[in-house]
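Commentary on secondary and tertiary structure
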Amino acid sequence: MDWTPFLQPGEQLVWEGRPAPRCYTMRNWRHALFGVILLVPTLYWQVVAVEIAAVYRLPLVPWIPLPFLLAALYLALGQLLVARLEWEKVYYAVTDRRILVQRGLLRTRHLTLPLGAVGSFVLKPYGEELASLRIVPTDFSTTLVLSCIEYPRLVTRHLEAAMAAAGRLASREPPSAAGETG
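Thresholds applied
- Residues numbered from 1 in each chain as written.
- Predicted model: local features only at pLDDT ≥ 70, side-chain atom pairs only at ≥ 80, totals over all residues.
- Heavy atoms only, no water.
- Disulfide = S-S within 2.5 Å.
- Helix = DSSP H or I, 4+ residues; strand = E, 2+ residues; numbered from the N terminus.
- Buried < 20%, exposed > 50% of the residue type's maximum accessible area, 1.4 Å probe, protein only.
- Pairing = 2+ DSSP bridges.

1. Observations regarding the state of the cysteines
- Taken as a whole, this structure holds one disulfide when the rule is applied.
- Between the sulfur atoms of Cys23 and its disulfide mate Cys148 the distance is 2.3 Å. A torsion of -70° about the S-S bond marks the disulfide between Cys23 and Cys148 as left-handed. A residue pair is termed long-range when its members are at least 10 positions apart, and Cys23 in helix 1 (residues 21-25) and Cys148 in strand 7 (residues 144-150) qualify at 125 residues. Neither Cys23 nor Cys148 differs from the other in exposure class; each is buried.

2. What to know about the pairing of strand 6 (residues 130-137)
- Counting buried positions along strand 6 gives six out of eight residues, so the element sits mostly inside the fold.
- Across eight bridges, the pairing between strand 5 (residues 118-127) and strand 6 is antiparallel. Counterpart to Phe121 in the pairing with strand 6 is Ile135.
- In sequence, strand 5 turns back onto strand 6 through a hairpin of two residues.
- In sequence, strand 6 turns back onto strand 7 through a hairpin of six residues, with Phe140 there showing a positive phi of about 55°.

So this is what it looks like as C-alpha coordinates:
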(Lines give C-alpha, C1' and ligand atoms only; values in the text may rest on other atoms or scores of the structure.)
Protein backbone atom coordinates (compact mmCIF):
# COMPACT_ATOMS: atom_id res chain seq x y z
CA MET A 1 0.00 0.00 0.00
CA ASP A 2 1.15 3.53 -0.70
CA TRP A 3 1.15 5.39 2.63
CA THR A 4 2.62 8.65 1.27
CA PRO A 5 -0.72 10.55 1.24
CA PHE A 6 -1.13 9.78 4.95
CA LEU A 7 2.40 10.68 6.07
CA GLN A 8 3.22 14.04 7.58
CA PRO A 9 6.21 16.01 6.25
CA GLY A 10 9.42 14.39 7.45
CA GLU A 11 7.65 11.30 8.79
CA GLN A 12 9.26 7.98 7.87
CA LEU A 13 7.72 4.55 7.61
CA VAL A 14 9.50 2.01 9.86
CA TRP A 15 7.16 -1.00 9.49
CA GLU A 16 4.17 -1.96 7.38
CA GLY A 17 2.17 -5.13 7.10
CA ARG A 18 -1.11 -6.89 6.51
CA PRO A 19 -2.90 -9.57 8.45
CA ALA A 20 -2.40 -13.19 7.46
CA PRO A 21 -5.48 -13.98 5.34
CA ARG A 22 -6.55 -17.30 6.87
CA CYS A 23 -5.91 -16.11 10.40
CA TYR A 24 -7.83 -12.86 9.79
CA THR A 25 -10.77 -14.69 8.23
CA MET A 26 -10.94 -17.39 10.92
CA ARG A 27 -10.11 -15.22 13.95
CA ASN A 28 -13.72 -15.55 15.15
CA TRP A 29 -14.01 -19.28 14.52
CA ARG A 30 -15.83 -19.79 17.82
CA HIS A 31 -18.68 -17.61 16.54
CA ALA A 32 -18.81 -19.70 13.37
CA LEU A 33 -18.91 -22.92 15.38
CA PHE A 34 -21.73 -21.53 17.53
CA GLY A 35 -23.55 -20.52 14.34
CA VAL A 36 -23.27 -24.04 12.92
CA ILE A 37 -24.58 -25.51 16.16
CA LEU A 38 -27.41 -22.95 16.23
CA LEU A 39 -28.21 -23.59 12.58
CA VAL A 40 -29.41 -27.15 13.17
CA PRO A 41 -32.30 -26.37 15.57
CA THR A 42 -33.31 -23.19 13.76
CA LEU A 43 -33.43 -25.01 10.44
CA TYR A 44 -35.57 -27.72 12.02
CA TRP A 45 -37.80 -25.00 13.55
CA GLN A 46 -38.19 -23.38 10.12
CA VAL A 47 -39.17 -26.68 8.47
CA VAL A 48 -41.71 -27.40 11.23
CA ALA A 49 -43.14 -23.87 10.90
CA VAL A 50 -43.59 -24.29 7.14
CA GLU A 51 -45.35 -27.63 7.70
CA ILE A 52 -47.61 -26.15 10.39
CA ALA A 53 -48.47 -23.26 8.10
CA ALA A 54 -49.39 -25.67 5.31
CA VAL A 55 -51.53 -27.93 7.49
CA TYR A 56 -53.35 -25.27 9.52
CA ARG A 57 -53.36 -22.54 6.85
CA LEU A 58 -51.44 -20.05 9.02
CA PRO A 59 -49.38 -17.96 6.59
CA LEU A 60 -47.50 -15.96 9.24
CA VAL A 61 -46.05 -18.89 11.21
CA PRO A 62 -43.05 -19.48 8.89
CA TRP A 63 -41.95 -15.88 9.48
CA ILE A 64 -41.39 -16.45 13.22
CA PRO A 65 -38.19 -18.58 13.05
CA LEU A 66 -36.81 -16.75 10.00
CA PRO A 67 -34.82 -14.06 11.94
CA PHE A 68 -33.20 -16.78 14.05
CA LEU A 69 -32.34 -18.80 10.96
CA LEU A 70 -30.79 -15.75 9.29
CA ALA A 71 -28.78 -14.94 12.43
CA ALA A 72 -27.49 -18.52 12.58
CA LEU A 73 -26.55 -18.40 8.88
CA TYR A 74 -24.68 -15.13 9.42
CA LEU A 75 -22.78 -16.54 12.38
CA ALA A 76 -21.98 -19.79 10.60
CA LEU A 77 -20.98 -18.45 7.18
CA GLY A 78 -21.67 -14.74 6.78
CA GLN A 79 -19.15 -13.38 9.25
CA LEU A 80 -16.42 -15.49 7.64
CA LEU A 81 -17.30 -14.10 4.21
CA VAL A 82 -17.40 -10.54 5.55
CA ALA A 83 -14.00 -10.98 7.21
CA ARG A 84 -12.48 -12.33 4.01
CA LEU A 85 -13.88 -9.46 1.96
CA GLU A 86 -12.69 -6.92 4.53
CA TRP A 87 -9.18 -8.43 4.50
CA GLU A 88 -8.67 -6.94 1.04
CA LYS A 89 -8.68 -3.44 2.58
CA VAL A 90 -6.78 -4.00 5.85
CA TYR A 91 -3.29 -2.54 6.11
CA TYR A 92 -1.10 -1.58 9.08
CA ALA A 93 1.90 0.73 9.35
CA VAL A 94 4.16 2.16 12.03
CA THR A 95 6.05 5.37 11.37
CA ASP A 96 8.60 7.13 13.51
CA ARG A 97 5.67 9.17 14.96
CA ARG A 98 2.39 7.24 14.61
CA ILE A 99 0.60 3.95 14.15
CA LEU A 100 -1.60 3.90 11.03
CA VAL A 101 -4.43 1.45 10.37
CA GLN A 102 -6.64 1.17 7.31
CA ARG A 103 -9.69 -1.11 7.42
CA GLY A 104 -13.32 -1.34 6.45
CA LEU A 105 -15.57 -3.31 4.17
CA LEU A 106 -17.88 -0.82 2.48
CA ARG A 107 -16.27 2.38 3.70
CA THR A 108 -12.54 2.51 4.26
CA ARG A 109 -11.54 3.99 7.62
CA HIS A 110 -8.13 5.34 8.53
CA LEU A 111 -7.16 5.21 12.20
CA THR A 112 -4.07 6.78 13.71
CA LEU A 113 -2.46 6.78 17.13
CA PRO A 114 0.63 8.82 18.01
CA LEU A 115 3.47 6.64 19.28
CA GLY A 116 3.81 8.94 22.28
CA ALA A 117 0.25 8.08 23.29
CA VAL A 118 0.85 4.32 23.53
CA GLY A 119 0.14 3.36 27.12
CA SER A 120 0.39 -0.40 26.87
CA PHE A 121 -0.10 -3.29 24.51
CA VAL A 122 -1.20 -6.90 24.77
CA LEU A 123 0.04 -9.61 22.45
CA LYS A 124 -2.34 -12.52 21.74
CA PRO A 125 -0.29 -15.27 20.10
CA TYR A 126 -1.82 -17.64 17.55
CA GLY A 127 1.43 -19.38 16.68
CA GLU A 128 5.15 -18.97 16.93
CA GLU A 129 5.31 -15.99 14.55
CA LEU A 130 1.65 -14.96 14.33
CA ALA A 131 -0.27 -12.82 16.83
CA SER A 132 -2.79 -10.05 17.28
CA LEU A 133 -1.68 -6.89 18.99
CA ARG A 134 -4.06 -4.76 21.09
CA ILE A 135 -2.67 -1.27 21.66
CA VAL A 136 -4.16 0.77 24.50
CA PRO A 137 -3.47 4.54 24.51
CA THR A 138 -2.65 6.45 27.69
CA ASP A 139 -6.05 8.18 27.72
CA PHE A 140 -7.89 4.84 27.17
CA SER A 141 -9.93 6.49 24.40
CA THR A 142 -9.78 3.99 21.54
CA THR A 143 -8.03 0.68 21.46
CA LEU A 144 -6.25 -0.19 18.22
CA VAL A 145 -6.08 -3.85 17.25
CA LEU A 146 -3.60 -5.11 14.69
CA SER A 147 -5.13 -8.51 13.97
CA CYS A 148 -3.16 -11.54 12.84
CA ILE A 149 0.17 -9.91 12.08
CA GLU A 150 3.13 -12.02 11.11
CA TYR A 151 6.37 -11.47 13.04
CA PRO A 152 4.73 -9.29 15.72
CA ARG A 153 8.07 -8.76 17.47
CA LEU A 154 9.02 -6.34 14.68
CA VAL A 155 6.10 -4.11 15.72
CA THR A 156 6.43 -4.48 19.48
CA ARG A 157 10.07 -3.43 19.26
CA HIS A 158 8.96 -0.01 17.96
CA LEU A 159 6.18 0.25 20.53
CA GLU A 160 8.54 -0.59 23.39
CA ALA A 161 11.02 2.01 22.16
CA ALA A 162 8.27 4.66 22.05
CA MET A 163 7.05 3.71 25.53
CA ALA A 164 10.60 3.80 26.90
CA ALA A 165 11.14 7.24 25.37
CA ALA A 166 7.95 8.45 27.06
CA GLY A 167 9.01 6.88 30.38
CA ARG A 168 6.16 4.37 30.50
CA LEU A 169 8.17 1.18 30.15
CA ALA A 170 9.51 -0.47 33.30
CA SER A 171 13.22 -1.12 33.34
CA ARG A 172 14.25 -4.68 32.56
CA GLU A 173 17.65 -4.54 34.23
CA PRO A 174 18.77 -7.60 36.16
CA PRO A 175 18.71 -7.29 39.96
CA SER A 176 21.75 -5.63 41.43
CA ALA A 177 24.60 -7.80 42.65
CA ALA A 178 24.74 -6.02 46.01
CA GLY A 179 25.85 -8.25 48.83
CA GLU A 180 27.48 -10.82 46.58
CA THR A 181 31.08 -11.67 47.15
CA GLY A 182 33.23 -12.92 44.44
